[in-house]
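# Structural overview for review
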Amino acid sequence: MIETIYIARHGFRLNWINTNWKSPTGLPRDPPLAAHGEAQAQELAAYFLAIPEEKRPTIILSSPYYRCLQTSQPTSRALEVPIYVEHGLSEWYSPVAPGSGLHPRPSAAAVMQSYFSEIDPSWSSIWYPTRRGEDVETLHERANGVSDLLVTEIEKRFGVKHKNILLVSHAATVIVLCRALLAQPDLPLRVGCCSISELSRKSDSSGVLGAWEAKALASGSHLKEGASRDWGLEDIQIANGKVISDQGIPGTQDEEDNCGPQIHRSSL
C-alpha cells in the first residue's frame, strides 16, 4: 500500500529566458529546462538521496513533457528507480479557440525512452487529457480521476512493493492533484519550480480521495535559492467569467483526441 506521495513541479524552463529555444522532441510548446532548472533537478535528486532509505520513492511517474522527464532523470539515476510516463499528469491547457486546432500531445513512452533511457515503457497511461483544453472545473475532474485511478492501479499491479511514489508534473496539475488527494477543492496553493509536496496516508483512511494529510506543500526548502517562479490558479486569465481560450496547433483539428480514463473503475 502506498504510504507517501511526493509531488514535484518541473524545474525552471529555458523559454522563460530565451526566446530562441528549440524543442528537443520537435513538439510545439515543449521547452527543455534552463541551466538553472537542471541545477534544481539535481538538488531535487540530492534531497531524496539524503532522506532515510525507507522514505525514498521507489518509482517516479512523470508527465510526458520533456521538462518533467528532464527533472525526473537525476532522481531516477540517484535512487536507481524507473520513470513511468503518465499522460494524466500532463500540462494544463485552456480550451482551444474554435477552429484553431488541437493542443499538442507528447509521444508515447517507448518513443520518449530514446531521449531518457530511465523510462520503463511497460507502464500504460491510465488517463489522457483532452487535446481540446480544459476549463478549471474539468481540470479538477481530471485530477480527481487520475488520483483515484493512479493509486489504485499501482497498488493493484505492484501490491505492497511501492510504499512511496514521486509524481513530477506542472504547476496547475500539481495544485489540483494536491486538492484532490487532500479533498480540499479550494486549497490555496502556489507552486514554484522543483518544489515538493509530501502527502502522507492517514492511518484510518479508506479509498483514495481525502485519504491523505499534507506534511509539506510546495516546499522549496531543499533548494539553495528556494522555489522560483511560483504560480497559482488565481493567475489564470478570465474574461466574462470564463477561462480565456488558447490557440491550438494549426492543421490538427481533425487529428485523434483519445482522452479520459483508459482503464475502468466503478467509482468514476
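The rules behind each value
Residues numbered from 1 in each chain as written. Predicted model: local features only at pLDDT ≥ 70, side-chain atom pairs only at ≥ 80, totals over all residues. Heavy atoms only, no water. Helix = DSSP H or I, 4+ residues; strand = E, 2+ residues; numbered from the N terminus. Contact = heavy atoms within 4.5 Å. Pairing = 2+ DSSP bridges. Axes fitted to C-alpha atoms, helices over the stretch in contact; angles between N-to-C directions. Disulfide = S-S within 2.5 Å. Buried < 20%, exposed > 50% of the residue type's maximum accessible area, 1.4 Å probe, protein only.

Mapped onto the elements, Q40 comes out in helix α1 (residues 35–50). Setting aside chain neighbours within four positions, we find Q40 in contact with G11, F12, C193, C194, L223, G226 and S228.

The strand order across the open sheet formed by 6 strands is β3-β2-β5-β1-β6-β7, and the pairing between neighbours is mixed. Each edge of the open sheet is held by one strand with a lone partner, namely β3 (83–85) and β7 (212–219). When the angles between neighbouring strand axes are averaged without regard to direction, this sheet yields 20°. Across the sheet, helix α2 (residues 66–79) is in contact with β1 (4–9), β2 (59–62), β3 and β5 (164–169); its angle to β2 comes to roughly 175°. Packing of helix α4 (residues 136–158) onto the sheet brings it into contact with β1, β2, β3, β5, β6 (196–201) and β7, and relative to β2 it is tilted by some 140°.

This part is about the state of the cysteines. Throughout the structure, instances matching the rule amount to 0 disulfides. Not engaged in a disulfide, the cysteine C178 finds its nearest cysteine sulfur in C68; these two sulfurs lie 14 Å apart. Overall, C178 belongs to the buried group, its relative accessible area being 0%. Free of any disulfide, C193 has its nearest neighbouring cysteine sulfur in C194, separated by 7.1 Å.

The next thing to look at is the pairing of β2. With burial as the criterion, each face of β2 is covered, one bearing I59 and L61 and the other bearing I60 and S62. Here β2 pairs with β5 via 4 bridges, running parallel. If you follow I60 over to β5, its bridge partner there is L166.

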